[in-house]
Amino acid sequence: MRHRRSTSSSNPLRHSHASPRRRRAPAFDTLEGRVVLSTWTVTSAADSGLGSIRADIAAASNGDVIDFAPSLYGQTINLTSGELAINQNLTIRGPLLGEIAVNAGGSSRVFDVTSATARVTISGLTIEGGNALAGAGILDQGGSLALIGDAIVNNQATGTAPGGTAQGGGVAVLDGGSLRAIACSFTGDVAQGANGAPGGTDPVSNGQAGDGDGGAIYADAGSSVSVSLSSFTSDQALGGAGGSGGAGGDGSSNGFGGNGQGGAIFTLGNVLTLRFDAFTNDAAQGGAGGLGQGDANSTNGAGGSGFGGAICTNSTSTSTFGLSADSFTGDSAIGGAGASGEGVGVFNASGGQATGGAISDGGTAALTINACAFTADLASSGAGGDAGAGGAGGSGSFCVGGAIESFPNLSVSSSTFTDVLALAGNGGQGQTGPGGSGALLVGGVVFANDVLTLTGDRFTDNQAVAGNGGAGGAAGAAGGAGGFLLGGVVNYQDLGPTQAPPYPSGSIARCTFSDNLAVAGDGGAGGAGADGGSGGFVWGGDVDSWGNMTISSSTFSGGHALAGNGGGGGDGGGNGGAGGMAVGGSLAMLNELFGPGGGAIADSISNTTVENAVAE
């Protein structure tokens, strides 16, 4: 039997201690001129019918509360007739330990806030098994949504085949809505882009796969997201695989893998605030390229890119996003592999990019990070595919920011970066053509393209390794060049093509850099009679700065910059490739060499120690 209780509107969460009474139609009571709201108690684990959560949501008036009978603790409510739609102000209050689960069984999403004026709070529930195009666990269509002490588990947003994009495996916030999550856990939620269609003769594009955006949370333009005291574990944003067999015309693109963006969170919104959260083993991964079959002027089989293993933002907001006391452990951004077997074409079978093993900020909202810990995060770009008949090996794609990639202003303070790994993709092996080039790596831990401020941070035992060149194919095919590496820990490259004086400035103050390693890529071996590829250059085992930079009161110890080896020459007269060059075992301040000169940019280093640095 469902109990209907009354609470004053001045405190809708306070329980009355009145005895259970006979059920009657829901209505507002009046008491001395005040509106009295209702509390509805779910007494049945059935999908529908008397005492079910579905019936109570339908019966509840604006501002009512739904709670659960203790007899339901430890049970699962299995939804068999679709999502639970909420179009009014409503509080759904579970036992705060996730002891009651609402499971959609993979056949629908779980909750849908359908009103842009609704204020909805859901607490103490496990929300699981949702499946939808967007917001598989919960879809918020412009309302104000609060989640308190919930477990959002194993929900999947799935793109529509072929090539559809998926948004928000756990929660999707659309139409300027807001999300506030406190003490929640997001575990195993996935946004999976659909695979590209096979075949096709469209003159522009064939077989393009869909993106996966926000494994746990997707937030649309104009939205607001605030999360605190919460965990994100093994959430994934996965791009679909490119379709095979597309044969577009001149200049077409065929079989591109989809992008994975924000393993835990992807936002286009205006507000992002994160405090005391833990991101663990979340991943953004691009899909593999499909075997395209376009003509000699087409581009085929590129892998999709991974942007932001934990967080990706492409917001156009001018506000500042803030992260405080968060941890990022084992998060990864991984580029998809280029297709193997491609023949003729332009830039065929290149691997996908990897940017921001933990965080990728490719928008305009500035990023402030304070007292955060980054441990064993990974950015690994995709390898180029091995060539088919008549083809060259695909190039590895570039890798940017093993932990953080930021194009707008970036400020990081009192944070630690330990055992972060950045790997740029290797070039593929040529067939009758040359081997693919190894990929460029920029900023083994942090890449910043605008104003950069690092204060009181520690960088320890991090590694960055650029891609090796692929071997040349048949006789006369040269080996691919090894990848360059710019900044084993930090790359500050603020001289973009649209910038003009006065150039922005970077600063590193009271920071410690210890035992970091930067390795450029080796050249690939040449085919018979052909030269091996040249080894890659490395600039700055710790820091590579291309703009105004002030370094003060910092310590750099044990930085190691290792240039790439040249590839061996092929039999029958091929020459070995030239070895690369290492500039700055610790610091490479290259602004006057490559900048505009004339005093437009300058460096300042004071009260700083550099010791035991090696460049070789």
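Reading the values: rules and limits
Residues numbered from 1 in each chain as written. Predicted model: local features only at pLDDT ≥ 70, side-chain atom pairs only at ≥ 80, totals over all residues. Heavy atoms only, no water. Helix = DSSP H or I, 4+ residues; strand = E, 2+ residues; numbered from the N terminus. Rg over C-alpha atoms; globule rule 2.2 N^0.38 Å. Buried < 20%, exposed > 50% of the residue type's maximum accessible area, 1.4 Å probe, protein only. Contact = heavy atoms within 4.5 Å. Lys, Arg positive; Asp, Glu negative; His and termini not counted. Charge placed at Lys NZ, Arg CZ, Asp CG, Glu CD. Pairing = 2+ DSSP bridges. Polar contact = N/O pair within 3.5 Å; in protein donor to acceptor, adjacent residues only side chain to side chain. 1 Å grid on protein atoms, 1.4 Å probe; cavity = no way out; pocket = protein on both sides within 12 Å on 5 of 7 lines; lining within 4 Å. Points joined across faces, edges and corners; volume = space filled by probe spheres on them. Nonpolar A, V, L, I, M, F, W, Y, C, P; charged D, E, K, R; others polar. pLDDT = per-residue confidence, 0-100. Salt bridge = Lys/Arg side-chain N within 4 Å of Asp/Glu carboxyl O.

Undergrad: Which parts of the structure should I look at to understand the overall build of the chain?
TA: A count of helical and extended segments in the chain gives two helices and 69 strands. Radius of gyration (C-alpha) of the chain: 27 Å, near the 25 Å computed for a compact globule of 616 residues. In terms of overall dimensions, the chain has C-alpha extents of about 95 × 60 × 40 Å along its principal axes. Going through the 616 residues of the chain one by one, you find that 56% of them count as buried. A separation threshold of at least 6 residues defines the contact pool for the chain, and within that pool the share at least 24 residues apart is 83%. Taken together, the 17 basic and 45 acidic charged side chains of the chain have centroids lying 32 Å from each other.

Undergrad: Please explain the sheet that holds strand E22 (residues 205-206) as it appears in this structure.
TA: Sheets are built from strands that pair by backbone hydrogen bonding, the pairs being arranged parallel or antiparallel. One open sheet accounts for three strands, arranged E22-E28-E34; its pairing is parallel. Bordering the open sheet on either side are E22 and strand E34 (299-300), each of which pairs with just one other strand.

Undergrad: Would you take a moment to explain the side chain of asparagine 103 for this structure?
TA: Looking at the element boundaries, asparagine 103 is found in strand E8 (residues 100-103). Of note is the side chain of asparagine 103, whose polar atom sits 3.1 Å from the side chain of glutamate 128. The residues touching asparagine 103, leaving out its near neighbours within four places in the chain, are Thr76, Ile77, Asn78, Leu79, Glu128 and Gly129.

Undergrad: Explain the sheet that holds strand E69 (residues 614-615) here, please?
TA: Across the sheet, which stays open at both edges, the 12 strands sit in the order E12-E16-E21-E27-E33-E39-E44-E49-E54-E59-E64-E69 with parallel pairing between neighbours. Looking along the sheet, the strands with just one partner apiece sit at the ends: strand E12 (131-132) and E69. Sheet topology note: the strand E16 (residues 156-158)/strand E21 (residues 190-192) ladder contains three bridges and is parallel. Across the sheet, residue threonine 158 finds its bridge partner in E21, namely glutamine 192.

Undergrad: Before we go on, may I ask you to explain the layout of surface pockets in this structure?
TA: Over the atoms, a rolled probe matching the size of one water molecule traces out where space is still vacant. The space that makes up the largest pocket amounts to roughly 440 Å³. Within the residue set of the lining of the largest pocket, elements represented by two or more residues are strand E4 (64-68), strand E7 (90-93), strand E10 (119-123), strand E14 (144-148) and strand E19 (178-182). Taken together, the residues of the lining of the largest pocket break down into 11 nonpolar, seven polar and four charged. Approximately 260 Å³ is the volume found for the second largest pocket. Looking at the second largest pocket, it is lined by 17 residues, and the ones nearest its centre are Phe347, Asn348, Gly393, Gly394 and Ser395. Class assignment of the residues belonging to the lining of the second largest pocket gives a composition of four nonpolar, 13 polar and no charged.

Undergrad: What is the right way to look at the confidence of the model for the chain in this model?
TA: Fine structural detail should not be taken from predicted coordinates in areas where pLDDT scores are low. Of all residues in the chain, 90% have pLDDT values of 70 or greater, and the mean over the chain is 89. Residue range residues 1-34 is modelled with pLDDT below 50. Its contacts to residues more than four positions away, or to other chains, number 71 contacts.

Undergrad: Would you mind going over unusual backbone geometry with me for this structure?
TA: Trans is the common state for peptide bonds, and a negative phi is the common state for residues other than glycine. Cis geometry is adopted by the peptide bond preceding proline 162, which originates at alanine 161 and carries an omega value of -10°. In this structure, proline 162 sits in the loop between E16 and strand E17 (166-167). Its identity is not glycine, yet asparagine 281 carries a phi of approximately 60°, on the positive side. Its location among the elements puts asparagine 281 in the loop between strand E32 (278-280) and strand E33 (283-285). Here the phi dihedral of alanine 349 falls at roughly 60°; this positive angle occurs in a residue that is not glycine. With respect to the helices and strands, alanine 349 occurs in the loop between strand E39 (332-334) and strand E40 (354-355).

Undergrad: Would you explain the pairing of strand E47 (residues 410-413) in this entry?
TA: Consecutive side chains along a regular strand alternate between the two faces of the sheet. Here four bridges tie strand E42 (residues 366-370) to E47, and the two strands are oriented parallel to one another. Each residue of the ladder has a partner; that of threonine 368, found in E47, is serine 411. Summarising the sheet, E47 and strand E52 (residues 452-455) pair through four bridges and their orientation is parallel. Paired with valine 412 across the bridge in E52 is leucine 454.

Undergrad: Just checking my understanding: could you explain the pairing of strand E25 (residues 224-228) for this structure?
TA: Strand direction decides the pairing type here: E19 and E25, joined by five bridges, are parallel. Within E25, the position partnered with leucine 179 by the bridge is valine 225. Alignment of E25 against strand E31 (residues 271-275), held across five bridges, turns out to be parallel. Considered in E31, the bridge of valine 227 is made with leucine 274.

Undergrad: For this particular structure, what's the right way to read the pattern of salt bridges?
TA: Close approach of charged atoms allows side chains of opposite charge to pair. Tallying each qualifying case throughout the model produces four salt bridges. The partner of arginine 54 in a salt bridge is aspartate 47, and the shortest N-O contact between them spans 2.8 Å. For arginine 109, the salt bridge identified is with aspartate 112, shortest N-O distance 3.8 Å. Side by side, arginine 109 and aspartate 112 carry an identical accessibility label, which is buried. Linked through salt bridges whose partners overlap, the residues forming this network are Glu83, Arg109 and Asp112.

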